[in-house]
Amino acid sequence: MIEAWTADEIRAAEKPLLDAGTPLMDRAARALARTALADVARRRSAGSSPRLRLAGALGSDGVPGPGRVRPPRRHGVSRNAAHGARAVLLVGAGNNGGDALFAGAHLARSGMRVTAFLVASAVHAEGLAALEAAGGEVIARSELRVPVVVEQVAAADVVLDGLVGVGSRGALRPPSGGIVRALVESRAAAEATGAPWPWVIAVDVPSGIGVDDGSVPGPVLPADRTLTFGAHKPGLLLPPAAHVAGVVEVADVGLGAAQGPQVPGTLRMEEADAAAVLRVPGVRDHKYTRGVVGVVAGTEKYPGAGVLVAAGAVRSGAGMVRALGPTTVTDRILTRHPEVVTAGGRVQSWVLGPGIPSDGSDAGQDRRVYGALAAVTGVLDAEVTGGVVPAVIDAGAMAMLEHRLPEIAVLTPHAGELAELMRGLGHEVDRADIEAEPVRWARAAQRATGATVLLKGAVTVIVGSGVTFAQAEAPAWLATAGAGDVLAGLLGTLLAARADDVLADPSLTSRVAAAAVVLHGRAGALASGGGPVSATDVADALPRVIADVLAR
Ligand SMILES: NC(=O)C1=CN([C@@H]2O[C@H](COP(=O)(O)OP(=O)(O)OC[C@H]3O[C@@H](n4cnc5c(N)ncnc54)[C@H](O)[C@@H]3O)[C@@H](O)[C@H]2O)[C@@H](O)CC1
Ligand SMILES: [K+]
């Protein structure tokens, strides 16, 4: 599990070390210089076309930048083939600028031509002296001209963004804001024309992101890599800021895991954690103990959703899947998945709503959804409903909520659906608002409904009470019709398998949901192999992915 530390938690952890004279900045700067040297050398040997730059930011499995998290590195600087390369440092007033200056001194001593642009009249004094002593060029704030910065950056091999780190407050102020805005435009122009553009390394965080909340309140220079010190920060995991962080790597400066947050608020689940959520059947298990998933999905208009939910549930190892609906839907499900049962009966989880439009056009499916929701919320007697069980509430079912939900209910909207849900709750928001601040709105939905909220996107966020998971394993190819239905079925299976545990400890729900997202993303990557993928392919890849995750 990757645990992000807030700015305050970082400060609390570093304080005793700094008081004891631990050279944190020296370690950070060495790690930074080593990374910059290695990146420049690698890019020089590979060429530096935009295509190659992109290839560098992606893993061999095609997982995009925010998803790639490397293990901590030890500090130390090695000299290499970066001799004569050009480095530009963007230097702010605080210690983040100090890191950049000391790293620049290492780079200059390694034979790079280093230019530092100071955006403040007073910067880290020792860092500045070190850079000057190493022969770096320094452009003072009084001499700063935006076109010159842009020109120098465009001609550089590597840029270290040290404008602001965990001391950041709000959008970048002038002159940093103006410089970054101009650089973002220059980068876009270079991308459009195929002109070269340097490799950008964010020092600790891309300057200007909301370090604790993942917001992007103003201009931010997108990084190819973020070298972050001591531990992850929430903003490096959470969208939209995660999208400008590139490949995130933690430099171990010796903060020590023991000094991290007591109860981490922002997490990224890894495969081993997903494996721990899975319930592997034992010799005493039978189909009922493994979990029965009840599915109310699909209508005459959208029958495929029922088929895909069933596929997700069956292929991820449900003990049994019960699919309820009109025969046009259940017949199709049976044709594809003869193991599905279409008679009613006890279930350990519900999947409600995929393929059921909110226009009331299928009264039968609506009635089934209302009945199941009554079970989930406990508003009807267990004698009638079969009892309270966890549920996945998707698509049309989200428009049918009449009662506050328990945490064991998982809402699975995309941005448009969340906007609709929040409008129904009296908030004037549209899809663009949700996309700009997905975490804020997912948290608002969690508070307003009581449910666990799984907001789908390039980085999917899962919000339970007091915890947010940010998962980025899905390749962009996974944004395809029906992929969400497969996820709903898969999550239904995981919830059914852990239903007793989830009922005993509802806070487990967000963990189970995050595990489903990990497996779904991995299945998408496996099925895609770097190319297009269908929702059916994703479901078909689930058994392999689950076996692989369990085998590790
Ligand atoms: N925590 C650790 O373990 C380590 C931290 N170090 C560095 O120290 C940094 C934190 O240093 P500081 O506390 O000095 O803070 P920062 O350097 O992040 O920022 C503080 C400065 O930025 C200005 N500032 C804040 N918001 C701004 C905005 N929106 N626009 C323009 N300027 C803004 C402030 O006025 C202040 O001068 C970390 O990010 C990291 O880079 C490293 O040196 C050593 C290891
Ligand atoms: K920075």
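Residues numbered from 1 in each chain as written. Chains lettered and ligands numbered in written order. Predicted model: local features only at pLDDT ≥ 70, side-chain atom pairs only at ≥ 80, totals over all residues. Heavy atoms only, no water.

1. Quick word on the coordination of the potassium ion (ligand 2)
- Protein coordination of the potassium ion (ligand 2) is provided by Asn96 (OD1), Asp161 (O), Val164 (O), Val203 (O), Val205 (O) and Ser207 (OG), with donor distances spanning 2.6 to 2.9 Å.
- Considering all six donor atoms around the potassium ion (ligand 2), the spread of angles at the metal, 68 to 174 degrees, places the coordination shape in the irregular class.
- In the primary structure, the donors to the potassium ion (ligand 2) are separated according to the pattern N-x64-D-x2-V-x38-V-x1-V-x1-S. For the pair shown, valine 203 and serine 207 are each scored as buried. (Donors = N, O, S within 2.8 Å, 3.2 Å for Na, K, Ca; no water. Tetrahedral: all angles 85-135°; square planar, octahedral: opposite > 155°, others 65-115°. Buried < 20%, exposed > 50% of the residue type's maximum accessible area, 1.4 Å probe, protein only.)

2. What to know about the environment of histidine 243
- As for its position among the elements, histidine 243 is in the loop between helix 8 (234–237) and strand 9 (247–251).
- What makes histidine 243 partly exposed here is its relative accessible area of 41%.
- Considered as a pair, histidine 243 and alanine 223 are 20 residues apart in the sequence and their alpha carbons are 9.0 Å apart. (Helix = DSSP H or I, 4+ residues; strand = E, 2+ residues; numbered from the N terminus.)

3. With respect to the UniProt feature "binding site: AMP" (unreviewed entry) in the chain
- UniProt tags Lys456, Gly457, Ala458, Val459, Thr460 and Gly484 as "binding site: AMP" (unreviewed entry). The named residues occupy 29 residues along the chain; their greatest pairwise C-alpha distance, 13.9 Å, places them in one compact cluster.
- Inspection of the secondary structure assignment puts lysine 456 in the loop between strand 16 (452–455) and strand 17 (460–464).
- According to the relative accessible area criterion, lysine 456 is partly exposed, its value standing at 21%.
- Excluding residues that lie within four positions of it along the chain, lysine 456 makes contacts with Asp394, Thr412, Pro413, His414, Ala415, Gly484 and Leu487.
- Here the side chain of lysine 456 touches aspartate 394 through a polar contact of 3.4 Å, side chain to side chain.
- Relative to the elements of secondary structure, glycine 484 occurs in helix 18 (residues 483–497).
- When its relative accessible area of 22% is taken as the criterion, glycine 484 is described as partly exposed. (UniProt positions renumbered as here; feature names shortened; annotations may be inferred. Contact = heavy atoms within 4.5 Å. Polar contact = N/O pair within 3.5 Å; in protein donor to acceptor, adjacent residues only side chain to side chain.)

4. Thoughts on the site of ligand 1
- As a matter of local geometry, ligand 1 sits amid 25 residues, with Glu14, Asn96, Asp99, Gly165 and Asp204 nearest to it.
- A distance of 3.1 Å separates an oxygen atom of ligand 1 from a polar atom in the side chain of arginine 11.
- Contacts to ligand 1 include arginine 173, whose backbone N or O atom sits 2.9 Å from a nitrogen atom.
- Protein chains shield 84% of the accessible area of ligand 1, which is 870 Å² for the free molecule.
- Judged by its atoms lying within 2 Å of the grid points, ligand 1 is housed in the second largest pocket.
- If you list the elements that add at least two residues to the shell around ligand 1, you get helix 1 (7–19), helix 2 (24–46) and helix 4 (95–109).
- Residues belonging to the shell around ligand 1 are distributed by class as follows: 12 nonpolar, seven polar and six charged. (Near = heavy atom within 4 Å. Areas by Shrake-Rupley, 256 points an atom, 1.4 Å probe, with all protein chains shown as cover. 1 Å grid on protein atoms, 1.4 Å probe; cavity = no way out; pocket = protein on both sides within 12 Å on 5 of 7 lines; lining within 4 Å. Sits in = over half its atoms within 2 Å of the grid points. Nonpolar A, V, L, I, M, F, W, Y, C, P; charged D, E, K, R; others polar.)

5. Quick word on the sheet that holds strand 1 (residues 2–3)
- In space, the 10 strands of this open sheet follow the order 1-10-18-17-16-15-14-13-11-12, with mixed pairing throughout. This sheet does not close on itself; its edge strands, each paired only once, are strand 1 and strand 12 (320–324).
- Sheet topology places strand 17 next to strand 18 (residues 467–471); five bridges connect them, and they run antiparallel. Note on strand 18: the bridge partner recorded for glycine 464 is valine 467. (Pairing = 2+ DSSP bridges.)

6. A look at the side chain of serine 316
- One can find serine 316 in the loop between helix 11 (303–315) and strand 12.
- Here glycine 312 takes part through its backbone oxygen, which lies 2.6 Å from a polar atom of the side chain of serine 316.
- In contact with serine 316, other than residues within four places in its own chain, are Gly489, Leu490, Thr493, Leu542 and Ile546.

7. Looking at the pattern of salt bridges
- On inspection of all chains with the given rule, the structure shows 16 salt bridges.
- Put simply, arginine 431 and glutamate 435 hold a salt bridge, and the shortest N to O gap is 3.1 Å. Here arginine 431 and its partner glutamate 435 are both found in helix 16 (residues 431–436), four residues apart, which amounts to about one turn of the helix.
- When salt bridges with common partners are traced through the structure, they connect Asp39, Arg42, Arg225 and Glu249 into a single cluster. (Salt bridge = Lys/Arg side-chain N within 4 Å of Asp/Glu carboxyl O.)

8. So, the environment of leucine 236
- Tracing the chain through its elements places leucine 236 in helix 8.
- Using a relative accessible area of 0% as the deciding quantity, one classes leucine 236 as buried.
- A C-alpha to C-alpha distance of 7.4 Å links leucine 236 and valine 248, two positions 12 residues apart in sequence.
- Beyond its immediate chain neighbours, meaning those up to four positions away, leucine 236 contacts Asp204, Val205, Pro206, Ile209, Thr226, Thr228, Ala242, Ala245 and Val248.

9. Description of the packing of aromatic side chains
- Evaluation of the coordinates by the stated rule reveals zero aromatic pairs.
- Geometry around tryptophan 199 places arginine 42 over its ring, the cationic atom sitting 5.2 Å from the centre. (Phe/Tyr/Trp six-rings, centres within 6.5 Å; stacked < 30°, edge-to-face > 60°. Lys NZ or Arg CZ within 6 Å of the ring centre and 35° of its normal.)

10. Focus: the layout of surface pockets
- Estimates place the volume of the second largest pocket at around 760 Å³.
- Around the second largest pocket, the lining comprises 34 residues; the ones closest to its centre are Gly94, Asn95, Asn96, Gly165 and Gly167.
- Taken together, the elements giving at least two residues each to the lining of the second largest pocket come down to helix 1, helix 2 and helix 4.
- It is helix 1 that provides the largest number of residues to the lining of the second largest pocket, a total of four residues.
- Here the lining of the second largest pocket is composed, by residue class, of 18 nonpolar, nine polar and seven charged. (Points joined across faces, edges and corners; volume = space filled by probe spheres on them.)

11. Describing the packing of helix 2 against helix 4
- Running from N to C, helix 2 and helix 4 cross one another at 55 degrees; their axes reach a closest spacing of 8 Å. Our classification of the angle between helix 2 and helix 4 gives oblique. For the pair helix 2 and helix 4, the sense of crossing is right-handed. Counted together, Met25, Asp26, Ala28, Ala29, Arg30, Leu32, Ala33, Ala36 and Leu37 of helix 2 and Asn95, Gly98, Asp99, Ala100, Phe102, Ala103, His106 and Leu107 of helix 4 form the full contact between these two elements.
- Tallied by class, residues from the contact of helix 2 with helix 4 come to 11 nonpolar, three polar and three charged. (Axes fitted to C-alpha atoms, helices over the stretch in contact; angles between N-to-C directions. Parallel < 35°, antiparallel > 145°, perpendicular 65-115°, else oblique. Left-handed = near helix turned anticlockwise from the far one by under 90°.)

12. Some remarks on the domain arrangement of the chain
- As far as domains go, the chain holds domain 1 (2–256) and domain 2 (276–551).
- The centre of domain 1, based on its C-alpha atoms, is set 39 Å off from the matching centre of domain 2.
- Of the residues lining the interface, 12 residues belong to domain 1; the matching set on domain 2 comes to 14 residues.
- Buried surface at the junction of domain 1 and domain 2, both sides included, amounts to about 920 Å², of which 70% is carbon and sulfur.
- Counting the contacts that link domain 1 with domain 2 gives zero salt bridges.
- For the pair domain 1 and domain 2, the interface holds zero residue pairs in polar contact (both at pLDDT 80 or more).
- The class makeup of the residues in the side of domain 1 that touches domain 2 is eight nonpolar, two polar and two charged. (Domains from an automatic or database assignment. Buried area = accessible area lost by both parts, 1.4 Å probe.)

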